[in-house]
Amino acid sequence: MKMLKSETSMLKSETSMLLMNIKTSAMAVLGIIVAFLTPIIPLILIVGAAIMADTLFGVLRANKLKQSITSRKMSKLISKLFLYNGAVVLFFCIEKFILGDIIGAFTAIPLILTKLITATLLFIELTSINENYEAISGVNIWTRFKDMLHRGKELKNDLGDIKDITDHFKHDNESNH
């Protein structure tokens, strides 16, 4: 049997309405998920940026050392993004629904557990970036950073010595008048 034009039109209309309802429901669910994750979106973005920076330095290192960059190696980027950001979301959920009250008894820092896991993941990525940068340039970022802090401390001490000398001259000048 052939469908009548009106039946075909009605079927298309119902299909269109069904698709619109699915789209509306999907957007509502997505909105709920985004609203739930809003407190940790900056943490997720920071972890993602660190992974991307590490990947960039890894590619630069591979180019410098004439190593091949395969799709298998690059697919680790996707795995790492899901794994690391999944860990941040998991710890957020654990903290929000299980350990929040217990942790709150010891510290007033919001989302401390989630921030600690984020800091750990960042440390891992920064260590990898440092290793890649050192392989590229021969310069260890941590050593340079420590040297810079040491020079800053020396500069602070030198400024303190200069202040002591100027204060001494100022005191001597006031005594002579």
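Whatever comes next refers back to the structure up there.
Residues numbered from 1 in each chain as written. Predicted model: local features only at pLDDT ≥ 70, side-chain atom pairs only at ≥ 80, totals over all residues. Heavy atoms only, no water.

A.B. asks: Go over the environment of Y84, please, and point to the residues and values.
C.D. replies: The residue Y84 is located in helix α3 (residues 71–104) in this model. Setting aside residues no more than four positions away along its own chain, Y84 makes contact with V47, I51, L121, I124 and E125. (Helix = DSSP H or I, 4+ residues; strand = E, 2+ residues; numbered from the N terminus. Contact = heavy atoms within 4.5 Å.)

A.B. asks: Give me the lowdown on the nonpolar core, citing residues and values where you can.
C.D. replies: Counting 12 residues, the largest nonpolar core consists of L37, I40, L43, I44, V47, I51, L77, Y84, V88, F92, I117 and L121. Secondary-structure elements contributing two or more residues to this core are α2 (41–64), α3 and α4 (112–137). Residues within four places of L121 in sequence aside, it is in contact with Y84 and V88. (Core = buried A, V, L, I, M, F, W, Y, C linked by side-chain atoms within 4.5 Å. Buried < 20%, exposed > 50% of the residue type's maximum accessible area, 1.4 Å probe, protein only.)

A.B. asks: Provide a residue-level description of α2, including the pertinent values.
C.D. replies: Along its 24 residues, α2 runs 34 Å from first to last C-alpha, staying within 8% of the 34 Å computed at 1.5 Å per residue. Those residues of α2 that fall on the buried side of the exposure criterion are L43, I44, V47, G48, A50, I51, D54 and A62. Structurally, α2 contributes buried residues whose contacts are with α3 and α4. Looking one or two residues past α2, K66 carries a phi angle of roughly 60 degrees, positive in sign. (Expected span 1.5 Å × (residues − 1).)

That's the geometry; what it means functionally is another story.
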